[in-house]
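Chain by chain, the residues run as shown.
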Amino acid sequence: MVQRRSQRFQFDTLEIDRDASQPLHRQLESQLREAIRSGRLRPGEKLPSTRGLCNQLQIARNTVAAAYEQLLAEGYLEAEIGSGTRVSQQLPEQTAPSSVAKKPSPKTSRRGLAKRAEEVDRYADWAPRTITTPLPFRPHTPAIDQFPRDIWQRLADRRIRRLPRLTYLGVDPAGYPPLRSAIAAYLGASRGVACSAEQIIVTSGVQQGLELIARLLLDPGDSFWLEQPGYSPAWHAFTAHGAVGVPVPVDEQGIDVAAGERLCPRPKLAYVTPSVQWPAAVTMSLPRRMQLLEWAEQSDAWIIEDDYVGEFRFAARPQQALAAIDPHGSVIYLGTFSKVLFPGMRLGYLVVPEPLVRAFATSRWLADRHSPVFEQATLTDFIEEGHFARHLRRMRKLYAARQAAMFTALETSFGSAMEFQRNEAGLHVVAKASDSRQNRRLQRAADEAGVEYHLVDQYSASAGKTPGMILGFAAFNEQQIAEAAQAWADRFFA
Ligand SMILES: Cc1ncc(COP(=O)(O)O)c(C=O)c1O
């Protein structure tokens, strides 16, 4: 039967597949978006309340709220206090310039994308076009509500008034010189990395550091080691430049160097996350660090140390970075302000041996010149005037308490049905069902309870074989953590 245009949309026809790998809120969001685009849900039409729709579809209210929030951000829905949520009168397609709306599909045009864009497309879901409010336990998310905005604003105002006019024309592509000095001093004091300001290359975050490394250290066909499971965006950065990745297993001590030597004895570089392995959350042991450093020296390979969260070790003093104990100069160190401050800042840094500085600075200039000077200058003041160290101390305490709350909540709510590691470092926990047959159910229960997570599988070279859910706790207070874990467990045991 053909559906008549005047008929109201039947929300109970929305289909939620609990066995699909796509999270439930994403499924709901794309079905609603499609209904709006196709005209089945018309401008002005009222949507059910989040409570109404969650009851109708038998899913968590958070799931409906997350889908609504995304569509509100994209402009498909509009909300008014007192009158609920409606389909927007003016849809995003109608406001897009016609040249955008009428672009030919890449498949039908010779002017379409290059072949390597297919590989890029695998990450399309990882690169959200709009950011929704994080729900427990979204990983990669620091406590943004704790950032001292008032202090930053005061420093930024002062910088706008005082920054020399000449900097308006640009700064050294390696970074605003006082920021490079402040970072070098910070690294020496807190991560044990002895380096000069000259060795610091300011980047827009770890990701850009990886891009620069790929351009400058890897020729097409060169091989590299990457931890398995490991940080897929690093894999992508290197393979996009024609390098060949070799996944090297991680055990409870970190990357298995002996296995790496068997798999590929002479790679050009090895990418590692020694402080807190992403995603397995183990810390590389000292013997393993020494073995890796020795191997790199013997085989003339670079070690790329991604210290994305090295500041957060709660049980004891932060462990020194690998670069701090490197006697041979084999380590290229990557740091970021994405976790210690916030990811939207887009500032990070590389520490490279002095002979490479010129190439890295020039490559940065060719890529995008340099990071914005006002942000760099404001961050310099934030560090030099002690606000950064103070913020870090506060966050270390806060995250230690949240991590403890997370351990307690998972243990209390799931008991022996769940296993998770207790590395007292980093901002995430990896959990799985004690009975491996229950992993799918554990994931489904999280979807139903509106719990956010990543799968270890997303970071694995052998998809479907590495169970585990990656849970971030940093952005959620102790009550939110306890309630979310309980809601999740209630669904799991129901
Ligand atoms: C392993 C790893 N490296 C680096 C980052 C941060 O990258 P960026 O500095 O580009 O934000 C993350 C998470 O966001 C990560 O998990």
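Residues numbered from 1 in each chain as written. Predicted model: local features only at pLDDT ≥ 70, side-chain atom pairs only at ≥ 80, totals over all residues. Heavy atoms only, no water.

- An unreviewed UniProt entry lists the protein chain under the name PLP-dependent aminotransferase family protein, with Blastopirellula sediminis given as the organism.
- Under the UniProt heading Sequence similarities (unreviewed entry), the entry covering the protein chain gives this text: "In the C-terminal section; belongs to the class-I pyridoxal-phosphate-dependent aminotransferase family." (UniProt positions renumbered as here; feature names shortened; annotations may be inferred.)

## Regarding the pairing of strand β12 (residues 428-433)
- Taken across its six residues, β12 has five buried, putting it largely inside the fold.
- Pairing analysis gives three bridges linking strand β11 (residues 418-420) to β12, with the strands arranged antiparallel. Its bridge partner being in β12, E419 is matched across the sheet by K432.
- Examined bridge by bridge, β12 and strand β14 (residues 469-472) share four bridges and lie antiparallel to one another. Paired with V430 across the strands is I470, a residue of β14. (Buried < 20%, exposed > 50% of the residue type's maximum accessible area, 1.4 Å probe, protein only. Helix = DSSP H or I, 4+ residues; strand = E, 2+ residues; numbered from the N terminus. Pairing = 2+ DSSP bridges.)

## A few points about the domain arrangement of the protein chain
- We note that the domain assignment places domain 1 (1-93), domain 2 (168-386) and domain 3 (390-493) within the protein chain.
- Placing a centre on the C-alpha atoms of domain 1 and another on those of domain 3 gives a separation of 29 Å.
- Every contact between the two is made by nine residues of domain 1 and, on the other side, seven residues of domain 3.
- Both faces considered, domain 1 and domain 3 share a buried interface measuring about 750 Å² in area, 42% of it formed by carbon and sulfur atoms.
- At the boundary of domain 1 and domain 3, one finds zero salt bridges.
- Connecting domain 1 to domain 3 are two residue pairs in polar contact (both at pLDDT 80 or more).
- Here the residues of the side of domain 1 that touches domain 3 are counted per class, giving five nonpolar, two polar and two charged. (Domains from an automatic or database assignment. Contact = heavy atoms within 4.5 Å. Buried area = accessible area lost by both parts, 1.4 Å probe. Salt bridge = Lys/Arg side-chain N within 4 Å of Asp/Glu carboxyl O. Polar contact = N/O pair within 3.5 Å; in protein donor to acceptor, adjacent residues only side chain to side chain. Nonpolar A, V, L, I, M, F, W, Y, C, P; charged D, E, K, R; others polar.)

## Description of the packing of helix α9 (residues 206-217) against helix α10 (residues 232-239)
- Relative orientation of the contacting elements α9 and α10 amounts to 30 degrees, with a least axis distance of 8 Å. Taken together, the axes of α9 and α10 lie roughly parallel to each other. Of the two possible hands of crossing, α9 and α10 adopt the one that is right-handed. From α9, Q207, L210, E211, I213 and A214 reach across to α10, where they touch P233, A234, A237 and F238. (Axes fitted to C-alpha atoms, helices over the stretch in contact; angles between N-to-C directions. Parallel < 35°, antiparallel > 145°, perpendicular 65-115°, else oblique. Left-handed = near helix turned anticlockwise from the far one by under 90°.)

## With respect to helix α2 (residues 50-57)
- Every buried residue of α2 is accounted for by T50, L53, C54 and L57. Considered in projection along α2, the buried side chains sweep an arc of 100 degrees and stay on one side of the axis.
- Close packing links the buried residues of α2 with α1 (24-37) and α3 (61-74).
- A positive phi of about 60 degrees marks Q58, the residue just after α2. (Arc of directions from axis to C-beta.)

## Re the site of the ligand
- Of all residues adjacent to the ligand, which total 13 residues, the nearest are V206, D306, T336, S338 and K339.
- Between an oxygen atom of the ligand and a side-chain N or O atom of H140, the distance comes to 3.3 Å.
- In the environment of the ligand, an oxygen atom lies 2.7 Å from a nitrogen or oxygen atom belonging to the side chain of K339.
- Alone, the ligand offers 390 Å² of accessible surface; in the complex the protein occludes 93% of this. (Near = heavy atom within 4 Å. Areas by Shrake-Rupley, 256 points an atom, 1.4 Å probe, with all protein chains shown as cover.)

## Observations concerning the sheet that holds β14
- Spatially, β11-β12-β14-β13 is the arrangement adopted by the four strands of the open sheet, whose pairing is antiparallel. Either end of the sheet is taken by a strand with one partner, and the two such strands are β11 and β13 (454-455).
- Here helix α15 (residues 387-414) sits on the sheet in contact with β11, β12 and β14, set at roughly 160 degrees to β11.

## Structural notes on the sheet that holds strand β9 (residues 331-336)
- On the basis of which strands lie adjacent, the open sheet formed by eight strands has the order β3-β10-β9-β8-β7-β4-β5-β6 and mixed pairing. The outermost strands of the open sheet, each flanked by one partner alone, are β3 (200-203) and β6 (254-255).
- Inspection of the sheet shows strand β5 (residues 244-251) paired to β6 by two bridges, in the antiparallel sense. Considered in β6, the bridge of V250 is made with I255.
- Contacts between α10 and the sheet are confined to β4 (223-228), β5 and β7 (269-272), with β4 contributing the most and set at about 170 degrees to the helix.

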